[in-house]
Amino acid sequence: PGCAPTTPAGSVVWYNEMPALGGYITDRIGGTGSGFSANVAQIKLRRLSDNQYYTGGSWMTAITTITATNSAGTLVNWSYDTSLMDWGVSGSSYAVSCRVKDAADNQLSWVSDTVFRYDVTPPTSTITFPATGDYVGMTGQVFYGNYYDKHSGITSSSGAVRVLLMDKTSVPNKWYYNGSWQPTM
């Protein structure tokens, strides 16, 4: 038998939430469905920053495996609920791998790790010009500022920084959006 993690996806590097780990199982003899003989899926979840393994309730240095559940009742797909899990340190990298055992106790080695990063620290930004309380003209103004993301990084090409401009002198306040002042954002 064999298995592969599908959540987290190998192509997605950063996550700010991870409600479940998941994957699929293959078995050459039993196939899938009623003849499927794979009956236990195990996973290892390792935090790479301190090389600790998740035990199902805490992190420890000893290599630990946890058993995945089969919500579909066939063990073709496996999952492990991480919605209440304490991930530890924001910005840390994690590796998940799996293995499966069939009814005849055949078990392959662990599959290659799927690595991802978990980041729940929000980025920061500041406006450096104009200063708070300054007045600016209606045309030709350029606004300046800084932005920083401790873990995943923000680049100016990613479009992750947006500036909202509000006219507090109008009643009700108006927002500048898409080339004109709007009553709501």
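Residues numbered from 1 in each chain as written. Predicted model: local features only at pLDDT ≥ 70, side-chain atom pairs only at ≥ 80, totals over all residues. Heavy atoms only, no water.

### With respect to the sheet that holds strand S13 (residues 165-167)
Pairing is antiparallel in the open sheet, where three strands are placed in the order S13-S14-S15. The open sheet has two free edges, formed respectively by S13 and strand S15 (180-182), since each of these has just one partner strand. Adjacent strand axes in the sheet meet at a mean angle of 40 degrees when their direction is disregarded. As paired elements, S13 and strand S14 (residues 174-177) share three bridges and run antiparallel to each other. Residue pairing for S14: Met166 is matched across the bridge by Trp175. (Pairing = 2+ DSSP bridges. Helix = DSSP H or I, 4+ residues; strand = E, 2+ residues; numbered from the N terminus. Axes fitted to C-alpha atoms, helices over the stretch in contact; angles between N-to-C directions.)

### Digging into the confidence of the model for the chain
Summing up the model confidence of the chain, the mean pLDDT is 78 and the portion of residues at 70 or higher is 81%. Low confidence marks residues 30-35, where pLDDT is under 50. Its contacts with residues over four positions away, or in another chain, come to six contacts. (pLDDT = per-residue confidence, 0-100. Contact = heavy atoms within 4.5 Å.)

### A word on the packing of aromatic side chains
For the structure on display, the rule yields ten aromatic pairs. Seen from their ring centres, Trp87 and Tyr94 are 5.0 Å apart, and the 80 degrees between their planes marks the pair as edge-to-face. Of the two residues, Trp87 and Tyr94, both sit in the buried class. Each member of the aromatic cluster is reached from another via a ring pair, and the members are Tyr15, Tyr54, Trp59, Tyr80, Trp87, Tyr94, Phe116 and Tyr118. Directly above the ring of Trp59 sits Arg47, whose terminal nitrogen or CZ lies 4.5 Å from the centroid. (Phe/Tyr/Trp six-rings, centres within 6.5 Å; stacked < 30°, edge-to-face > 60°. Buried < 20%, exposed > 50% of the residue type's maximum accessible area, 1.4 Å probe, protein only. Lys NZ or Arg CZ within 6 Å of the ring centre and 35° of its normal.)

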